[in-house]
Amino acid sequence: MKLMTKKVAYLAGGCFWGLEELFKEQPGIIDTEVGYTGGENDNPTYENHPGHAEALAITYDPDKTTYAALLDFFFRVHDPTTMNRQGNDVGSSYRSAIFYQDDEERKTAEAMIETVNTSGLYKDPVVTSLESFKRFYSAEEYHQDYLQKNPGGYTCHYVRTEKSLLQ
């Protein structure tokens with residue numbers, strides 16, 4: 001019997017509530033957790049997270065989905081062309097960022113950004129930052145699965161195209 005392999009991807013694309021809600025139903029996703037990464041302080045909170053992005057830790061089964069497929073979906077559910085902004089949310093906390101863990105993830109992210117830029121999905125170029133992953137801090141419990149607990153809560157995320165950008 002083969003043991004299930006798990007990997008974790010770290011992505012930021014605006015308010016973490018909407019990203020979590022859309023990713024949790026994707027094939028191969030085992031778990032999602034909202035939190036903070038890429039900032040200046042240890043143990044950030046919603047009220048104190050300088051430099052941190054609101055991010056999503058996505059635990060997935062690499063036998064059922066790929067890192068590239070996760071990035072493909074990521075670029076289709078938020079606007080990666082707006083600097084430090086998604087919808088009404090403004091500031092570096094809401095930046096579009098991929099927190100890569102190794103050279104393979106970085107190269108996959110670079111290739112996906114090029115694919116998005118040439119796809120015609122967005123009229124402006126991608127401004128998503130590529131940042132070396134350091135540490136992820138879990139957000140407060142009331143943020144976890146927020147839109148499940150609060151149906152109709154605010155989100156600026158939606159699927160912009162059902163068609164995969166991967167060819």
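Residues numbered from 1 in each chain as written. Predicted model: local features only at pLDDT ≥ 70, side-chain atom pairs only at ≥ 80, totals over all residues. Heavy atoms only, no water.

All right, on to the pattern of salt bridges then. When the charged atoms of two side chains lie near each other, side chains of opposite charge can form a pair. Across all of its chains, the model carries seven salt bridges by this definition. Of the charged contacts, one joins E131 and R95 as a salt bridge, the two residues approaching to 2.9 Å between their closest N and O atoms. Here E131 is found in strand β7 (residues 129-132), whereas its partner R95 is found in the loop between β5 (89-90) and β6 (96-100), with 36 residues between them in sequence. In this pair, the class of E131 matches that of R95, namely buried. The closest approach of N and O atoms between R106 and E110, which form a salt bridge, is 3.0 Å. Residue R106 and its partner E110 are located together in helix α3 (residues 103-119), separated by four residues, close to a single helical turn. Taking the relative accessible area as the measure of exposure, E110 reaches 37% and is therefore partly exposed. A network of salt bridges, in which partner residues are shared, links D103, R106 and E110. (Salt bridge = Lys/Arg side-chain N within 4 Å of Asp/Glu carboxyl O. Helix = DSSP H or I, 4+ residues; strand = E, 2+ residues; numbered from the N terminus. Buried < 20%, exposed > 50% of the residue type's maximum accessible area, 1.4 Å probe, protein only.)

Because the α-helix completes a turn every 3.6 residues, residues three or four places apart line up on one side. Over its 17 residues, α3 extends 24 Å from the first C-alpha to the last, a length consistent with the 24 Å expected when each residue adds 1.5 Å. Those residues of α3 not exposed but buried are E105, A109, M112, I113 and V116. Taken end-on, α3 shows its buried residues confined to a sector of 105 degrees, consistent with a single buried face. Facing away from the buried surface of α3 by more than 90 degrees, the exposed residues are E104, K107 and T118. Those residues of α3 that are buried lie in contact with β1 (7-13), α2 (67-77), β6 and β7. Just past α3, the residue G120 takes up positive phi, approximately 85 degrees. (Expected span 1.5 Å × (residues − 1). Arc of directions from axis to C-beta. Contact = heavy atoms within 4.5 Å.)

Further remarks concern the pairing of strand β2 (residues 29-37). In terms of strand pairing, β2 meets strand β3 (residues 53-60) through eight bridges, oriented antiparallel. Residue pairing across strands places I29 opposite Y60, the latter belonging to β3. In this structure, β2 lies alongside strand β8 (residues 136-138), joined through three bridges in antiparallel fashion. Bridge assignment links G35 to a residue of β8, and that residue is S138. (Pairing = 2+ DSSP bridges.)

This next bit is on the environment of S138. Note that S138 resides in strand β8. Between the alpha carbons of S138 and T82 there is a distance of 25 Å; along the sequence they are 56 residues apart. Contact partners of S138, with chain neighbours within four places excluded, come to E33, V34, G35, Y36 and Q144. Separated by 2.6 Å, the side chains of S138 and E33 make a polar contact. Within the local environment of S138, its side chain forms a polar contact with the side chain of Q144, the two groups lying 3.4 Å apart. (Polar contact = N/O pair within 3.5 Å; in protein donor to acceptor, adjacent residues only side chain to side chain.)

The interhelical angle for the contact between helix α1 (residues 16-23) and α2, taken along N-to-C directions, is 130 degrees, at an axis separation of 11 Å. In this view, α1 runs oblique relative to α2, as classed from their interaxial angle. Between α1 and α2 the crossing geometry is right-handed. Contacts between α1 and α2 involve L19, L22 and F23 on the former and, on the latter, L70, F73, F74 and V77. (Axes fitted to C-alpha atoms, helices over the stretch in contact; angles between N-to-C directions. Parallel < 35°, antiparallel > 145°, perpendicular 65-115°, else oblique. Left-handed = near helix turned anticlockwise from the far one by under 90°.)

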